[in-house]
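# Summary of structural features
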Amino acid sequence: MAIVDPSADRPRLAALAAFVPVLAAPGFSFGRWEQVPTDADGTMHLPYVELGPDARAFLDAVGANSWVVPGFDWNAWAVTDLGQALTTDPRAVATASPADIARLLTALVRADRFYEGTLANAFETGMMLAIAERCAALL
């Protein structure tokens, strides 16, 4: 299975590189955690992340440019040495290939389905900025 089509890299990279100024801007906010009050009958609700418009636009660009790879076993990849390095250290992204970026974004997007706040953490720690910067560097 091909992770990235080399002929399609340039526009895909440019789509995410365009977010460098947005994600690097002072005061950038990925959004906020929403706390849902307990219902009158005592039913408790878990908090969830409400992404802001800039974070949502970045993730929309990820989806629109096919960075999330269908059928990729992201869970198995995330525990490899490379997966561990890329998912935990934004500095490691500085040497990532386009295929590595696709794997990383797939892992982050998919993990957020199971672990609320994964994407919020990726914005907060600078991971998404590192991804956008690497895309710019690869151009």
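Note that this is a predicted model, so its numbers are computed, not measured.

Conventions and cut-offs
Residues numbered from 1 in each chain as written. Predicted model: local features only at pLDDT ≥ 70, side-chain atom pairs only at ≥ 80, totals over all residues. Heavy atoms only, no water. Helix = DSSP H or I, 4+ residues; strand = E, 2+ residues; numbered from the N terminus. Rg over C-alpha atoms; globule rule 2.2 N^0.38 Å. Phe/Tyr/Trp six-rings, centres within 6.5 Å; stacked < 30°, edge-to-face > 60°. Lys NZ or Arg CZ within 6 Å of the ring centre and 35° of its normal. Core = buried A, V, L, I, M, F, W, Y, C linked by side-chain atoms within 4.5 Å. Buried < 20%, exposed > 50% of the residue type's maximum accessible area, 1.4 Å probe, protein only. Contact = heavy atoms within 4.5 Å. Salt bridge = Lys/Arg side-chain N within 4 Å of Asp/Glu carboxyl O.

Each helix and strand counted, the protein has eight helices and two strands in total. Each helix (α) and strand (β) of the protein, taken in turn from the N terminus, gives the series α-α-β-β-α-α-α-α-α-α. Over its C-alpha atoms the protein spans a radius of gyration of 16 Å, differing by no more than 12% from the 14 Å that the globule rule assigns to 139 residues. Dimensions of the protein along its principal axes, counting C-alpha atoms only, are 55 × 35 × 25 Å.

All chains considered together, the criterion is met by five aromatic pairs. Between F28 and F123 the ring centres are 6.0 Å apart and the planes differ by 45 degrees, which places this aromatic pair in the tilted class. On the criterion of sequence distance, the pair formed by F28 in the loop between α2 (20-24) and β1 (31-34) and F123 in helix α7 (residues 118-124) is long-range, its members being 95 residues apart. Pairing F58 with F123 gives two aromatic rings, centres 5.9 Å apart and planes at 80 degrees, and the pair type is edge-to-face. A residue pair is termed long-range when its members are at least 10 positions apart, and F58 in helix α3 (residues 53-64) and F123 in helix α7 qualify at 65 residues. In textbook terms, an aromatic cluster arises when at least three aromatic residues are bridged by ring pairs, as seen for F19, F28, F58 and F123. The lysine or arginine in question, R12, covers the ring of W67, its NZ or CZ lying 3.9 Å from the ring centre.

Core analysis: the largest hydrophobic core is formed by 41 residues, its most contacted members being L16, F58, W67, M128 and I131. Residue assignment for this core shows that the elements contributing at least two residues are α1 (9-17), β2 (48-51), α3, α4 (74-78), α6 (98-114), α7 and α8 (127-138). Ranked by residue count, the leading element in this core is α6, at eight residues. Excluding anything up to four places from it in sequence, I131 contacts L16, V93, I101, L104, L105 and L108.

This model, assessed by the stated rule, comprises five salt bridges. Between D60 and R56 there is a salt bridge, and its shortest N-O distance comes to 3.9 Å. With a gap of four residues between them, D60 and R56 both fall in helix α3, about one helical turn apart. We classify D60 as partly exposed; its relative accessible area is 43%.

The next subject is the environment of P26. Structurally, P26 can be placed in the loop between α2 and β1. For P26, a relative accessible area of 82% corresponds to the exposed category. When the C-alpha atoms of P26 and A14 are compared, they prove to be 22 Å apart, with 12 residues separating the residues in sequence.

The next thing to look at is α1. Taken together, the buried positions of α1 are occupied by D9, R12, L13, A15, L16 and A17. The inward-facing, buried residues of α1 contact α2, α3, α6 and α8.

Okay, unusual backbone geometry next. For S66, which is not glycine, the phi dihedral falls at a positive 55 degrees. Of note, S66 is situated in the loop between α3 and α4.

All right, on to the environment of A18 then. Structurally, the position occupied by A18 is in the loop between α1 and α2. A18 sits 25 residues away from T43 along the chain, and the two C-alpha atoms are 43 Å apart.

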